[in-house]
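Residues per chain, in single letters:
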Amino acid sequence: QALIEEAMTSWTKQTVERVDDLLESFMGIRDNQLAHVIVDLARDKSSVDEFIETVASSSSLGHFQFPPDFITELWSVIR
Amino acid sequence: MTLQQIGASLKSYDLTKWKYAQLRDTINTSCDIKLIEECKDELHRRLRAYHSWRDANTGQASEENQR
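Structure report, in brief. (Residues numbered from 1 in each chain as written. Chains lettered and ligands numbered in written order. Predicted model: local features only at pLDDT ≥ 70, side-chain atom pairs only at ≥ 80, totals over all residues. Heavy atoms only, no water.)

Here we come to the overall build of chain A. Scanning chain A for helices and strands turns up four helices and zero strands. In sequence order, the secondary structure elements of chain A are arranged as α-α-α-α. Counting across all 79 residues of chain A, residues that qualify as buried make up 46%. Approximately 4,300 Å² of chain A is accessible, and the part contributed by carbon and sulfur atoms is 53%. (Helix = DSSP H or I, 4+ residues; strand = E, 2+ residues; numbered from the N terminus. Buried < 20%, exposed > 50% of the residue type's maximum accessible area, 1.4 Å probe, protein only. Areas by Shrake-Rupley, 256 points an atom, 1.4 Å probe, with all protein chains shown as cover.)

Attention shifts here to the packing of aromatic side chains. This model, assessed by the stated rule, comprises six aromatic pairs over all chains. When the centroid spacing of 4.9 Å and the interplanar angle of 5° are considered together, the rings of A:F64 and A:F66 count as stacked. Residue A:F66 is classed as buried on the basis of its relative accessible area of 8%. Each ring, one from B:Y50 and one from B:W53, has its centre 6.3 Å from the other, and the planes form 25°; the classification is stacked. Linking B:Y50 with B:W53, this pair stays in helix α3 (residues 33-57), spanning three residues, or about one helical turn. Note on B:W53: relative accessible area 2%, which makes it buried. (Phe/Tyr/Trp six-rings, centres within 6.5 Å; stacked < 30°, edge-to-face > 60°.)

A few words on the interface of chain A and chain B. Contacts between the two partners involve 20 residues from chain A and, on the opposite side, 17 residues from chain B. Taken over both partners, the interface formed by chain A and chain B buries close to 1,800 Å², and the fraction arising from carbon and sulfur atoms is 56%. Three residues, A:F26, A:I29 and A:F64, lead the burial of chain A against chain B; their summed loss comes to 29% of the area buried on that side. With a closest N to O distance of 2.8 Å, A:E73 and B:K19 form a salt bridge. Between the two partners, chain A and chain B, sit seven residue pairs in polar contact (both at pLDDT 80 or more). Contributing elements (two or more residues each) for the side of chain A that touches chain B: α1 (2-27), α2 (32-42) and α4 (68-78) of chain A. Considered class by class, the residues forming the side of chain A that touches chain B number eight nonpolar, seven polar and five charged. (Contact = heavy atoms within 4.5 Å. Buried area = accessible area lost by both parts, 1.4 Å probe. Salt bridge = Lys/Arg side-chain N within 4 Å of Asp/Glu carboxyl O. Polar contact = N/O pair within 3.5 Å; in protein donor to acceptor, adjacent residues only side chain to side chain. Nonpolar A, V, L, I, M, F, W, Y, C, P; charged D, E, K, R; others polar.)

Once that is clear, we can look at the packing of α2(A) against helix α3 (residues 48-57) of chain A. All names here are of chain A. Between α2 and α3, the least distance of the axes is 10 Å, while the angle of their chain directions is 130°. Considering their axes alone, α2 and α3 lie oblique with respect to each other. The way α2 lies across α3 gives a crossing that is right-handed. Taken together, the residues of α3 that come into contact with α2 (itself represented by I38, L41 and A42) are F51, T54 and V55. Tallied by class, the residues present in the contact of α2 with α3 amount to five nonpolar, one polar and no charged. (Axes fitted to C-alpha atoms, helices over the stretch in contact; angles between N-to-C directions. Parallel < 35°, antiparallel > 145°, perpendicular 65-115°, else oblique. Left-handed = near helix turned anticlockwise from the far one by under 90°.)

If you look at the biggest cluster of nonpolar residues, it comprises 27 residues, and the most contacted ones within it are A:I38 and A:F66. When contributions to this core are tallied by element, the ones reaching two or more residues are α1, α2, α3 and α4 of chain A together with α3 of chain B. Counting six residues, the second-largest nonpolar core is a separate cluster that includes B:L23, B:L35, B:C39 and B:L43. (Core = buried A, V, L, I, M, F, W, Y, C linked by side-chain atoms within 4.5 Å.)

Bear in mind that shape data such as this cannot, by itself, settle questions of function.
The following block contains the structure:
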């Protein structure tokens with residue numbers, strides 16, 4: 001159980017870092033907390049289309065108006 | 001449609017898909033004043049969206065996270 005939790009923590013840390021890299025390339029801004037929110041949002045999504053829809057309609061992330069291509073990039077590093 | 005409108009529509013780009021480096025480099029190197037203004041507007045829009053998100057969701061984000 002401890003090993004699984006450790007692996008999950010390590011996966012989350014690496015994934016958040018990669019999402020943060022993408023955020024920097026798209027917006028010129030790194031924000032670990034924003035990257036975390038995006039990773040959490042993708043967790044229970046089963047397809048990229050569902051993720052795109054969720055991000056676009058999200059009350060907190062919708063204002064960014066991330067284009068579908070960029071959300072697809074995010075999806076590819078998260079899943 | 002006037003010639004001016006046609007010219008404006010031809011020069012209009014969908015900057016929402018551009019990466020930060022593309023917008024920055026265009027602002028720094030392009031001679032197209034209209035395009036430069038559009039790039040600046042797009043960068044400002046993203047920055048406003050980020051600050052709006054940060055204010056609403058963190059309230060305590062550290063300045064060192066920003067560039």
